[in-house]
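# A look at the structure
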Amino acid sequence: MSEIVRIALVDDHPMLREGVAGTLRSEPDFEIVGQGETAEDACRLAHDLMPDIMLLDISMRGNGVKAAATISTTCPVVKLIMLTVSEDEEDVMAAFKAGARAYVLKGVSGPELIRIVRSVMAGEPYVTPSLAVGLLGDSRQNIAAADPLSDLTRREREILEHVAVGESNKEVALALKLTEKTVKHYMTNILQKLQVRNRVEASLLAHNAARLAKKN
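Moving on, we get to unusual backbone geometry. Of note in the backbone geometry, Met 50 takes a positive phi value of approximately 45 degrees without being a glycine. Locating Met 50 in the fold gives a position in the loop between α2 (39-49) and β3 (53-56). The phi angle at Asn 63 is positive, at roughly 80 degrees, despite the residue not being glycine. Following the sequence through the fold, Asn 63 ends up in the loop between β3 and α3 (64-74). We classify Asn 63 as partly exposed; its relative accessible area is 31%.

For the rest of this paragraph, the subject is the environment of Val 172. You can see Val 172 is positioned in helix α7 (residues 169-176). With residues near it in sequence (within four places) discarded, Val 172 still touches Ile 159, His 162, Val 163, Glu 167 and Val 183.

The subject of this paragraph is the pattern of salt bridges. Opposite charge on two side chains makes pairing possible when the charged atoms of those side chains draw close. Per the stated rule, a full pass over the model turns up 11 salt bridges. For Arg 44, the salt bridge identified is with Asp 41, shortest N-O distance 3.4 Å. Pair noted here: Arg 44 and Asp 41 are both in helix α2, with a separation of three residues, about one helical turn. Accessibility expressed as a relative area gives 41% for Arg 44, which makes it partly exposed. Given the relative accessible area of 18%, Asp 41 is considered buried.

Within helix α6 (residues 154-164), burial applies to Glu 156, Ile 159, Leu 160, His 162, Val 163 and Ala 164. In the stretch just after α6, Gly 166 is the one whose phi turns positive, near 95 degrees.

Right, let's get into the side chain of His 162. Relative to the elements of secondary structure, His 162 occurs in helix α6. Ignoring any residue separated from it by four or fewer positions in sequence, one finds His 162 in contact with Glu 167, Val 172, Ala 175 and Leu 176.

Next up on the list: the sheet that holds strand β1 (residues 5-10). Read across the open sheet, the six strands follow the order β2-β1-β3-β4-β5-β6; overall the sheet is parallel. Both edges of this open sheet fall to β2 (30-36) and β6 (126-127), since each of them pairs with a single strand only. In terms of strand pairing, strand β4 (residues 79-84) meets strand β5 (residues 102-105) through four bridges, oriented parallel. In the strand pairing of β5, Thr 84 is matched with Leu 105. Its contacts with the sheet put α2 on β1, β2 and β3, and the angle it makes with β2 is roughly 135 degrees. Along the sheet, α3 makes contact with β3 and β4, crossing β4 at roughly 175 degrees.

Procedures and definitions
- Residues numbered from 1 in each chain as written.
- Predicted model: local features only at pLDDT ≥ 70, side-chain atom pairs only at ≥ 80, totals over all residues.
- Heavy atoms only, no water.
- Helix = DSSP H or I, 4+ residues; strand = E, 2+ residues; numbered from the N terminus.
- Buried < 20%, exposed > 50% of the residue type's maximum accessible area, 1.4 Å probe, protein only.
- Contact = heavy atoms within 4.5 Å.
- Salt bridge = Lys/Arg side-chain N within 4 Å of Asp/Glu carboxyl O.
- Pairing = 2+ DSSP bridges.
- Axes fitted to C-alpha atoms, helices over the stretch in contact; angles between N-to-C directions.

Have a look at this one:
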């Protein structure tokens, strides 16, 4: 039997929160252990329950990003997913800087949300692909118009294309008929060549490169 994934939900819209809870409860290994409406609730639930996953809204009372920053410092074992309507680039970057592992737009399908939760549990960060363009932050603002992926091999580019649309290592492995261990090895090389810290930054760089290529 799979290990139970304990999840807490914090959002100030009860109907939406219950809808998300219902979707996640449909998975036999997912358990909703707590719900709240405010940043204060989020911090309390994280401290008292230590869930594996917490889904937070950015715009709830008390500020979801501030709650994320507090929780990531005081309860670092809790993996944070921002579930929000905000498509603002500053909100996305602030959320990741605060310690969020994923940034997901409300309206995501049930199966996709379940897949994202499992991906985050596996240690893989996620950002909604449509938000990726232009989100490289200060360290990427001076990126050259030349192809920043030029040092990647054809196989590495192929793998990065799959990662950039949110696929996990396992999904990439299945799609390309590789072992998951091989994909992990390629990802290590890709991160080193691109001089980025994680999959999210690599994905953002890939999206930005695609945008520049279209302009040229």
